[in-house]
Amino acid sequence: MSDRFAVLPQYLLPKQALTVFAGWIAGARGGRLTTRLIKWFVGRYGVNMSEAANPDVASYATFNDFFTRALKDGARPLASADLICPVDGAISQFGAIERDQIFQAKGHRYATTALVGGDAALAARFVDGSFATLYLSPKDYHRIHMPCDGRLTRMIHVPGELFSVNPTTARGVPGLFARNERVVCVFESARGPFVLTLVGATIVGSMATVWHGLVNPPRGREVREWVYDDKPVVLQQGQEMGRFLLGSTVVMLFPKGPLQFNPAWSPGGAIRLGEVMASQQA
């Protein structure tokens, strides 16, 4: 079966309604029903609760509390590197941006301008730069951390579709990551700007950042933007910057320059928060 044919049902499903319903379930305080749901999820997806700061599944009041669980101290040591991996998950794609085109999967590319919500001036800062697209599966830790020290300058919420973001969908839906709902976070660092984008998906109830809280809902039709020129938000490498309430993908953009990704990385490979992602040395 071709990937395009495999994703056809997603065009027909009421994705918004399913996502709202899933968000309601995930936020409900269901007592024993919530505990049973969490236990089923842990068994179904092989979640490693020994790494959690709180491994007792019965103690979580909501599924969201469990899903955004903290890791115990020392579970993810931070490598000494210019850029560290910001999440647990798997590598979707990474490499060079060709002018303004990001490689999604064989036969599919999309524009940086589309990813950041139509801001051509922002996208121009990443012409011929580098990108990394990282997928968080259901079993993964779902908090997102800083790849390097950074000062937040803008946050842009871009409404959009809610396709799944698994590898099959990435191969089957053109422009997937620039079509789905997303939260674009723009930072300045010692080596220049970078963008860290949280991409929504089917049943991703919401996305949140540490400085704002829940960004969605609401899910409107207009792009929303927050500027932080007068309200500096400075985060250190390895510090939490946001989280998914049900999982998805992050896409990072870096400007043109001497960036070298971890030579051990390859598409489809597993990654862990804190490992070496890249060097920005000449």
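The preceding data block contains the structure.
> So what exactly am I meant to see when it comes to the sheet that holds strand β10 (residues 206-209) here?
Sheet strands line up and pair through hydrogen bonds in the backbone, either parallel or antiparallel. Strand order in this open sheet of four strands is β6-β14-β10-β11, and the pairing throughout is antiparallel. One side of each edge strand has no neighbouring strand; the edge strands of this open sheet are β6 (143-145) and β11 (213-216). For this sheet, the mean inter-axis angle between neighbouring strands, taken without regard to orientation, is 25°. Relative to strand β14 (residues 240-245), β6 is paired through three bridges, and the arrangement is antiparallel. Bridge pairing in β14 links arginine 143 to arginine 243.

> I would appreciate a short explanation of helix α4 (residues 32-45) in the present structure.
Because the α-helix completes a turn every 3.6 residues, residues three or four places apart line up on one side. Counted at 1.5 Å a residue, the expected span for α4 with its 14 residues is 20 Å, and the 20 Å between its end C-alpha atoms agrees. Within α4 the residues assigned to the buried category are Thr34, Thr35, Ile38, Phe41 and Val42. Looking straight down α4, one finds that the buried residues subtend no more than 125° of arc, so they occupy a single side. Across α4 from its buried face, at more than 90 degrees, point the exposed residues Arg32, Leu33, Arg36, Lys39, Gly43 and Arg44. Phi turns positive, to about 70°, at glycine 46, one or two residues after α4.

> Just to check I follow, could you spell out the sheet that holds strand β18 (residues 276-279) for this structure?
Taken in spatial order, the three strands make up an open sheet running β1-β18-β16, and their pairing is antiparallel. Every other strand in the sheet has two partners, leaving β1 (83-84) and β16 (260-261) as the edge strands with one partner each. One ladder, built from two bridges, connects β16 with β18; its direction is antiparallel. For phenylalanine 261, the partnering residue across the bridge sits in β18 and is alanine 278.

What counts, and at which threshold
- Residues numbered from 1 in each chain as written.
- Predicted model: local features only at pLDDT ≥ 70, side-chain atom pairs only at ≥ 80, totals over all residues.
- Heavy atoms only, no water.
- Pairing = 2+ DSSP bridges.
- Helix = DSSP H or I, 4+ residues; strand = E, 2+ residues; numbered from the N terminus.
- Axes fitted to C-alpha atoms, helices over the stretch in contact; angles between N-to-C directions.
- Expected span 1.5 Å × (residues − 1).
- Buried < 20%, exposed > 50% of the residue type's maximum accessible area, 1.4 Å probe, protein only.
- Arc of directions from axis to C-beta.

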